[in-house]
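# Architecture and fold: a report
The primary structure of each chain is shown beneath.
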Amino acid sequence: MLQGLSDLGQAYLSFMNPLTLAYGLGGAFVGITMGMLPGLSATLAIALLTTLTIKLQTNDAILVLICSYVGALYGGSRTAILLNIPGTAANAASCADGYALAERGEAGRAIGIATSGAFVSTLIGVMCLAAFTPLLAEVALQFGAFEFFWLALFGVTMSGSIVGHDPLKGWLMGLLGLFIAQIGQEGLYAFDRFTFGWDQLSGGIALIPALVGAFGMAEVLTTLAQPVEREMVELKDSVLPRWREVVQYKWTVLRSGIIGVMTGLLPGVGEDSGAWMSYAAAKAVSKERDKFGKGSIDGLMAAETGDMSSIPGHIIPSLALGIPGSAPSAVLMAAMIIHGIQPGPMLMIEHPQFVYHVVAMTTLASIAILLFGLFGVRPLLKILRVRRAILMPIVFLLCTVGAYATASRLFDIYTMLAIGVGAFFLRRRGYEMAPLVLGLVLGPLLDKSLRRGLVLSDGSLAPFFTRPISMAFAAVTIFTILLYVPIFKSAVNRVRDAIGDTVRGMFGRRA
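An account of the accompanying structure is given in this report.

Cut-offs used in this document
- Residues numbered from 1 in each chain as written.
- Predicted model: local features only at pLDDT ≥ 70, side-chain atom pairs only at ≥ 80, totals over all residues.
- Heavy atoms only, no water.
- Helix = DSSP H or I, 4+ residues; strand = E, 2+ residues; numbered from the N terminus.
- Expected span 1.5 Å × (residues − 1).
- Buried < 20%, exposed > 50% of the residue type's maximum accessible area, 1.4 Å probe, protein only.
- Contact = heavy atoms within 4.5 Å.
- Axes fitted to C-alpha atoms, helices over the stretch in contact; angles between N-to-C directions.
- Parallel < 35°, antiparallel > 145°, perpendicular 65-115°, else oblique.
- Left-handed = near helix turned anticlockwise from the far one by under 90°.
- Nonpolar A, V, L, I, M, F, W, Y, C, P; charged D, E, K, R; others polar.
- Phe/Tyr/Trp six-rings, centres within 6.5 Å; stacked < 30°, edge-to-face > 60°.
- 1 Å grid on protein atoms, 1.4 Å probe; cavity = no way out; pocket = protein on both sides within 12 Å on 5 of 7 lines; lining within 4 Å.
- Points joined across faces, edges and corners; volume = space filled by probe spheres on them.

Looking now at helix α7 (residues 145-157). Spacing of three or four residues puts side chains on the same side of an α-helix, whose turn is 3.6 residues. When the terminal C-alpha atoms of α7 are compared, their 18 Å separation across 13 residues agrees well with the 18 Å that a helix rising 1.5 Å per residue should span. With 12 of 13 residues buried, α7 lies mostly within the body of the structure. Looking only at α7, the buried set comprises Ala-145, Phe-146, Glu-147, Phe-148, Phe-149, Trp-150, Leu-151, Ala-152, Phe-154, Gly-155, Val-156 and Thr-157. Elements in contact with the buried residues of α7: α8 (167-181), α20 (434-456), α21 (463-466) and α22 (468-482).

In this section: the packing of helix α5 (residues 95-103) against helix α13 (residues 297-320). Close contact between α5 and α13 brings their axes to 8 Å; oriented N to C, the two are set at 130 degrees. Looking at the two axes, α5 sits oblique to α13. Handedness of the crossing formed by α5 with α13: left-handed. The residues of α13 that touch α5, namely those facing Asp-97, Gly-98 and Leu-101, are Ile-297, Gly-299 and Leu-300. Here the residues of the contact of α5 with α13 are counted per class, giving 3 nonpolar, 2 polar and 1 charged.

Take Ala-206: it is sitting in the loop between β2 (192-193) and α9 (207-225). Taking the C-alpha atoms as reference, Ala-206 lies 8.5 Å from Thr-415; in sequence the two are 209 residues apart.

This next bit is on the packing of aromatic side chains. Tallying each qualifying case throughout the model produces 9 aromatic pairs. Note on Phe-149 and Phe-464: the rings are 5.3 Å apart at their centroids and 80 degrees apart in plane angle, and the pair reads as edge-to-face. Here the residue Phe-149 occupies a position in helix α7, and Phe-464 occupies one in helix α21, the gap between them amounting to 315 residues. Of the two residues, Phe-149 and Phe-464, neither departs from the other in class, the shared state being buried. Taking the centre distance of 5.1 Å and the plane angle of 65 degrees together, the rings of Phe-424 and Phe-425 count as edge-to-face. Of the residues examined, Phe-424 reaches a relative accessible area of 11% and is grouped as buried. On the accessibility criterion, Phe-425 (51% relative accessible area) is exposed.

There is about 840 Å³ of room inside the second largest pocket. Lining the second largest pocket are 37 residues, and of these Leu-440, Val-441, Pro-444, Leu-445 and Lys-448 sit closest to its centre. Those elements giving two or more residues to the lining of the second largest pocket turn out to be α7, α8, β1 (184-185), α14 (327-338) and α20. Residue contributions to the lining of the second largest pocket peak at 9 residues, all from α20. Taken together, the residues of the lining of the second largest pocket break down into 20 nonpolar, 11 polar and 6 charged.

As structure tokens, this is what we get:
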């Protein structure tokens, strides 16, 4: 424990220099800016900044990305409050009470509440990140090729629920990502697969052009195809948070912070789930539940606390297991791989200090959003007045430069354009891109682990099902898939209700 505290202290000290602080503040600023603009997202912010930070030192690059992640989710609350449009999906729960407060002339107060709740809840998540990640990684060190296969397969299984409401579409996109990951030379014997004699494909589909195309190019086309114009509520009152309100709703902050972290730990449960579950829990126990949806401080605090605390929660399984819990964390994990950090069970051996660096980065991100939330509100709001016809070409230019700059290959621009146009049409049919990226990231791990396992077992599949951890992962993966079968799901619900009735009956008799 003392060694862990020492490593954490060294991580904080390593970021106490002007250049690193500037990187963190810059990343948070870009994240807040993109989170504020309806149609842009934390996922897009991370994808674009991955290309722009490719030449930076690993820690500086990841710092920029994590700060942009936190900043984007925080920035989305501005449009939720002032325009009644959630900047990101996670801010949807903030619309009702935040916009109601703004219409009453208390927009500044609402932004102050969102800022204070976001700051405190992120710190709650940071403490959980520091405590749980090393423990989870210790267990994961027992993994071998057989366990890695099931871990990767379980991650792809989560593509059915990581975004959207149609698991079949999520699985199809996850499988498409797995297929694209197999293009090029395979990992064991460097044999060309699915290249059709095209030498450019021998190196495979690069991750950065795929990320930029799936999120950046597709987002540009989607936004220009469906422009949204709303009148912004004027900001008249002070945005400085009333700390007595934070103290008054301290139990809401603590409860929502814990709920956010716990939902973040569950693969496939996004930041929006943390916000809605926290909002529902606050409404269930609140003495002023009739005010919810009409400008409730308690409701807005719960929503913003729940979504922000889920960010460290999503980072925990991403680092320790290599399984992202949401679309932004999937892209963040891909960015870590690009920068030479392989998330997963081997992380604590290969880069033992990195977990504590991530804790320090997330802390710096929470401080950055507090500073921008208190002192940069009015200048940042001017960004909302920029016309999309001007903004989207700039984003497209960044996508093109980012796709080309990493390897200086014209082919990567063609890849970005092809994936972007394809993603645009797929999104119009309800297919999300995060499962595609998840398949791209986990595809090589799944392929290599399966083949290595078969080599170790002389072609036998038995160890994949008989080793204790493999057996557990296989059971969880199969159970997760079967839960989407209506007959099986209804049977599970009946068993759960029967057990609940039995437990309630036992306690009732004792009483």
